[in-house]
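One-letter residues, chain by chain:
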Amino acid sequence: IDHHRIADVYTSKPIMFRADPVGCTGTIITGLYHEAGVSIPREAAGLMLAGLLIDTLILRSPTCTTRDERVAAELAAIAGEDIEQFGQELFTAAAAELAEKPAETLITADFKEFTVGEVKFAVGTVETASPATIEKRSEELLSTMHRIAQERNYTSFLFMIVDIINMRCHLLIWGGEKAVADALRVPLEPDGHSVIVDGLVSRKKQLAPQLPRIEALIAGRTGAL
């Protein structure tokens, strides 16, 4: 059961598989409760609501659908929680751990690899209501990104620090910095390894679709744009 894109899959026989284009797997699981005619316990509702609000940035992410919104309202009613208040409490609790996490753990906790042409990308992300907690560690994070990129042969390593309050991203970049900035049509910051992008909050729907453009710029194929 998943809500992400499906890459190459091969099975030797049919399998049970369900993928829906929604903002969170919890939305799909809620539907399975309905299909089975089973009431959702309060504890399960609270857990699924927490996952849904984290995944959809408290229903603000472009990945959020009307179905997610309906399910959030249902789960909040069962759990006895206010959606906005509960969501803010979740992100506040998560932010308290960010300052203590080792740099590599922070960078790779929510992490995906992409290969476009000959370019191998890595994209990590963290969503927080307190971006300054992470931004003050930028030098340490970039150094760690450089090391990991060398070890795993990434051409470009991107790390999204998503500010869920102001709905913008501080994107750290190691490798292909100018190509990334040009593709996103924003200037590089003075450090030469980051950009600020208003409205960029989703790796899946907003940043991943830009990777072919970045790859073309890295390869020098400006005509492909």
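Residues numbered from 1 in each chain as written. Predicted model: local features only at pLDDT ≥ 70, side-chain atom pairs only at ≥ 80, totals over all residues. Heavy atoms only, no water.

### Regarding the confidence of the model for the chain
Then comes step 1: In the predicted model, the chain carries a mean pLDDT of 92, and 98% of its residues have values of at least 70.
Then comes step 2: No element of the chain has a lower mean pLDDT than helix 4 (residues 83-98), at 87, and none a higher one than helix 3 (residues 66-79), at 98. (pLDDT = per-residue confidence, 0-100. Helix = DSSP H or I, 4+ residues; strand = E, 2+ residues; numbered from the N terminus.)

### Overview of the layout of surface pockets
If a probe the size of a water molecule is rolled over the atoms, the empty space left behind becomes visible.
Then comes step 1: Approximately 700 Å³ is the volume attributed to the largest pocket.
Then comes step 2: When contributions to the lining of the largest pocket are tallied by element, the ones reaching two or more residues are helix 2 (42-55), helix 4, helix 5 (103-108), strand 1 (111-116), strand 2 (119-128) and helix 9 (203-207).
Then comes step 3: Per-element tally for the lining of the largest pocket: the top contributor is helix 4, with 5 residues.
Then comes step 4: Tallied by class, residues from the lining of the largest pocket come to 13 nonpolar, 8 polar and 9 charged. (1 Å grid on protein atoms, 1.4 Å probe; cavity = no way out; pocket = protein on both sides within 12 Å on 5 of 7 lines; lining within 4 Å. Points joined across faces, edges and corners; volume = space filled by probe spheres on them. Nonpolar A, V, L, I, M, F, W, Y, C, P; charged D, E, K, R; others polar.)

### Here we look at the sheet that holds strand 5 (residues 194-198)
Sheet strands pair by backbone hydrogen bonding; their relative direction is either parallel or antiparallel.
Then comes step 1: The strand order across the open sheet formed by 5 strands is 1-2-3-4-5, and the pairing between neighbours is mixed. Strands with a single pairing partner mark the edges of an open sheet, and in this sheet they are strand 1 and strand 5. Each adjacent strand pair in this sheet contributes to an overall mean axis angle of 25°, direction not counted.
Then comes step 2: In the sheet, strand 2 pairs with strand 3 (residues 156-163) via 8 bridges, with the strands oriented parallel. The residue of strand 3 that forms the bridge with Thr-125 is Met-160.
Then comes step 3: Lying over the sheet, helix 7 (residues 138-152) contacts strand 1, strand 2, strand 3 and strand 4 (168-174), oriented at roughly 50° with respect to strand 4. (Pairing = 2+ DSSP bridges. Axes fitted to C-alpha atoms, helices over the stretch in contact; angles between N-to-C directions. Contact = heavy atoms within 4.5 Å.)

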